[in-house]
Amino acid sequence: MRAVGVVEFGGPEALRIVDVPERHAGPGEVRIRSAAATVSPTDTFTRNGDRAKWLSKWAPPYVPGMDVAGVLDEIGEGVSTDLAIGDHVMAIVIPAASNGGYAEQVVVPAESVARVPAGFDDVAASTLPMNGLTARLALDLLGLTAGQTLAVTGAAGCFGGYTVQLAKADGLRVVADASEADEELVRTLGADLVVRRGDDVARRIRAAVPAGVDGLADGSIQNDALLGAIRDGGGFAAVRPFQGETERGITIHNVWVRSYAREQAKLDRLRQLVEEGAVTLRVAKAIPVEQAAEAHRVLEKGGTRGRLVLTW
Ligand SMILES: NC(=O)c1ccc[n+]([C@@H]2O[C@H](COP(=O)([O-])OP(=O)(O)OC[C@H]3O[C@@H](n4cnc5c(N)ncnc54)[C@H](OP(=O)(O)O)[C@@H]3O)[C@@H](O)[C@H]2O)c1
């Protein structure tokens, strides 16, 4: 079966269509005939060799990709599910060797899968699992309660956008960053206050919320430059390993979505929120898998809003 992967690490051009053995759902697993796979920042690390040491326990090709949507086409032994063969489903994928999201067939634990939101196609649905679950995990780790204030940076991005919307659904007050061009988008996602993004964003958040925010989700990866926005004893959710030293009793929460990869009830709750209109699926562009290299080029340039999605 076909996949898109790398045999030798490198730039976007290292991505090739590769032939990998057909896969079957083992005990506790399901197989998806994929129609759509997102292109996320993390995929570039599988491609460019940043993860070479970890990947070296397997032979290439290495297939990136952390979200898929498509048709459920095999259910493994011992799986108890209300899903049936032929249902359209979406899944979070934890890539290992050649079993990543950029493949025609993807095998995942049954708990990594939920139904595609009613009224949405596979391309739109594929944008939800990984970043939706990451946003959920970041908020769960911060543990804020209704009425408390959360700051979100990189709010126009996929993680940031879902975090803004889930925080609003949780009853939080949200202050979010945006460029001038993204301000309307970020307001539409539900931010109560919008401040200009940039190096000085912590000061601007503090000016908008003088007591300091209770928690901050760092989608822009600005690390300790953001701490000044947070009140003494508040929380910071880091989606990449935190760089710097904390201060004033601020707790740094490291967010690793793989710890939510089998949280099916949470994924299904995200589906419901999409159906209710509380969470917005944003597709930047659907791109045929043969053009995966071009998709990586576009992603790495920055400025993409919504997710690029590879289609089979
Ligand atoms: N740890 C985990 O489990 C996990 C899971 C999911 C995501 N992540 C990480 O979360 C981060 C966000 O992912 P994503 O998918 O949301 O990416 P994305 O869609 O590209 O969003 C990132 C946003 O941050 C903005 N940004 C970048 N640098 C900035 C800066 N210095 N100041 C202000 N804004 C800035 C980007 O704007 P431009 O496009 O204009 O640069 C973009 O709007 C990535 O680093 C990703 O690897 C981690």
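Bear in mind that the values here come from a model prediction, so they are computed numbers and not experimental data.

Caption draft 1: Focus on the site of the ligand. Around the ligand, 23 residues are found, and the nearest of them are Phe159, Val239, Val255, Gly303 and Arg307. In the model, an oxygen atom of the ligand is placed 3.0 Å from a nitrogen or oxygen of the Cys158 main chain. The fraction of the free accessible surface of the ligand (910 Å²) that becomes covered by protein chains is 81%. Where the shell around the ligand is concerned, the elements lending two or more residues are helix H4 (129–142) and helix H5 (158–169). No other element matches the three residues that H4 contributes to the shell around the ligand. Among the residues making up the shell around the ligand, the classes are represented as nine nonpolar, nine polar and five charged. When residues of the shell around the ligand are assigned to domains, at least three fall in each of domain 1 (2–127 + 281–311) and domain 2 (131–258).

Caption draft 2: Examining the domain arrangement of the chain more closely. Domain boundaries assigned for the chain yield domain 1 (2–127 + 281–311) and domain 2 (131–258). Its C-alpha centre places domain 1 at a distance of 28 Å from the equivalent point of domain 2. Facing the 14 residues of domain 1 at the interface are 14 residues of domain 2. The contact between domain 1 and domain 2 buries some 1100 Å² in all, and 51% of this surface belongs to carbon and sulfur atoms. The largest per-residue losses of area from domain 1 upon contact with domain 2 belong to Ile94, Arg282 and Arg305, which jointly make up 46% of the total buried on that side. One can count one salt bridge joining domain 1 with domain 2. Our count for the domain 1 to domain 2 interface comes out at four residue pairs in polar contact (both at pLDDT 80 or more). Of the residues in the side of domain 1 that touches domain 2, the class split is seven nonpolar, three polar and four charged.

Caption draft 3: Spatial organisation of the UniProt feature "domain: Enoyl reductase (ER)" (unreviewed entry) in the chain. The sites that UniProt annotates as "domain: Enoyl reductase (ER)" (unreviewed entry) are residues 10–310. The distance separating the terminal C-alpha atoms of residues 10–310 is 19 Å; by composition the span is 26% helix and 27% strand.

Caption draft 4: Geometry of helix H9 (residues 292–301). For H9, the set of buried residues is Ala292, Ala293, Ala295, His296 and Leu299. Down the axis, H9 shows its buried residues gathered within 155° of arc, on one side only. Packed against the buried residues of H9 are strand S1 (2–5), strand S3 (29–39), helix H1 (43–48), strand S14 (283–288) and strand S15 (307–311). Among the residues trailing H9, Gly302 stands out with phi positive, at a value near 85°.

Caption draft 5: Main features of the sheet that holds strand S11 (residues 213–218). Read across the sheet, six strands follow the order S10-S9-S8-S11-S12-S13 without closing on themselves; strand pairing throughout is parallel. Sheet topology places strand S10 (193–196) and strand S13 (251–254) at the edges, where each strand pairs with a single neighbour. Each strand of the sheet is rotated relative to its neighbour by a mean of 20°, with strand direction disregarded. Pairing analysis gives four bridges linking strand S8 (residues 149–153) to strand S9 (residues 173–178), with the strands arranged parallel. Paired with Val152 across the strands is Ala176, a residue of S9. Its contacts with the sheet place H4 against S8, S11, strand S12 (230–238) and S13, and it is angled at close to 150° to S12. Seen against the sheet, H5 touches S8, S9 and S11 and runs at an angle of roughly 165° to S8.

Caption draft 6: Main features of the layout of surface pockets. Each pocket or cavity is described by its volume, and for the second largest pocket that value is around 150 Å³. As for the second largest pocket, its lining consists of Arg23, Glu29, Ile92, Val93, Ile94, Asn99, Val107, Val108, Pro109, Ser112, Ala261 and Arg262. With three residues, strand S6 (residues 105–109) is the largest single contributor of residues to the lining of the second largest pocket. Its residues assigned to classes, the lining of the second largest pocket comprises seven nonpolar, two polar and three charged.

Definitions and cut-offs
- Within each chain, residues carry numbers counting from 1 in the order of the written sequence.
- Confidence filtering applies because this is a predicted model: local features only for residues at pLDDT of at least 70, side-chain atom pairs given and counted only at 80 or more, and all residues used for totals across whole chains, interfaces and linings.
- Heavy atoms from the whole structure form the basis of all side-chain values; hydrogens and water molecules are not counted.
- Whether a residue is near a molecule or strand is decided by its heavy atoms; if any one of them lies within 4 Å of it, the residue is near.
- Pairs of N or O atoms are called polar contacts if they sit within 3.5 Å, as long as, within protein, a hydrogen donor faces a hydrogen acceptor (for residues adjacent in sequence, only side-chain-to-side-chain pairs).
- Accessibility throughout is a Shrake-Rupley quantity obtained with a 1.4 Å probe, and a residue counts as covered only by protein chains that appear here.
- Numbering of helices and strands runs from the N terminus; a helix is a DSSP stretch of H or I covering at least four residues, while a strand is a stretch of E covering at least two.
- Throughout this entry, Asp, Glu, Lys and Arg are counted as charged residues, while Ala, Val, Leu, Ile, Met, Phe, Trp, Tyr, Cys and Pro are counted as nonpolar. The remaining residues, Gly among them, count as polar.
- Throughout, the edges of the domains are those of an automatic or database domain assignment.
- Any two residues having at least one pair of non-hydrogen atoms within 4.5 Å are treated as being in contact.
- In this description, buried area is defined as the sum, over both parts, of the accessible area (probe of 1.4 Å) that is lost when the two are combined.
- For salt bridges, the criterion is a side-chain nitrogen of Lys or Arg within 4 Å of an Asp or Glu carboxyl oxygen.
- UniProt positions are given in the numbering used here, feature names are shortened, and annotations may be inferred rather than shown by experiment.
- When accessible area is computed with a 1.4 Å probe and restricted to protein chains, residues below 20% of their type maximum are described as buried, those above 50% as exposed, and intermediate ones as partly exposed.
- Directions drawn from the helix axis to the C-beta atoms are what define this arc.
- If DSSP finds at least two bridges between two strands, the strands pair.
- Under this scheme, a helix contributes an axis fitted over its contacting stretch, all axes are lines through C-alpha atoms, and angles between N-to-C directions fall in the 0 to 180 degree range.
- Points on a 1 Å grid over protein atoms alone make up a cavity when a 1.4 Å probe fits among them but cannot get out, and a pocket when they form an open set with protein on both sides within 12 Å along at least five of seven lines; lining residues each have an atom within 4 Å of a point.
- Grid points are joined across faces, edges and corners, and a volume is the space filled by probe spheres set on the points.

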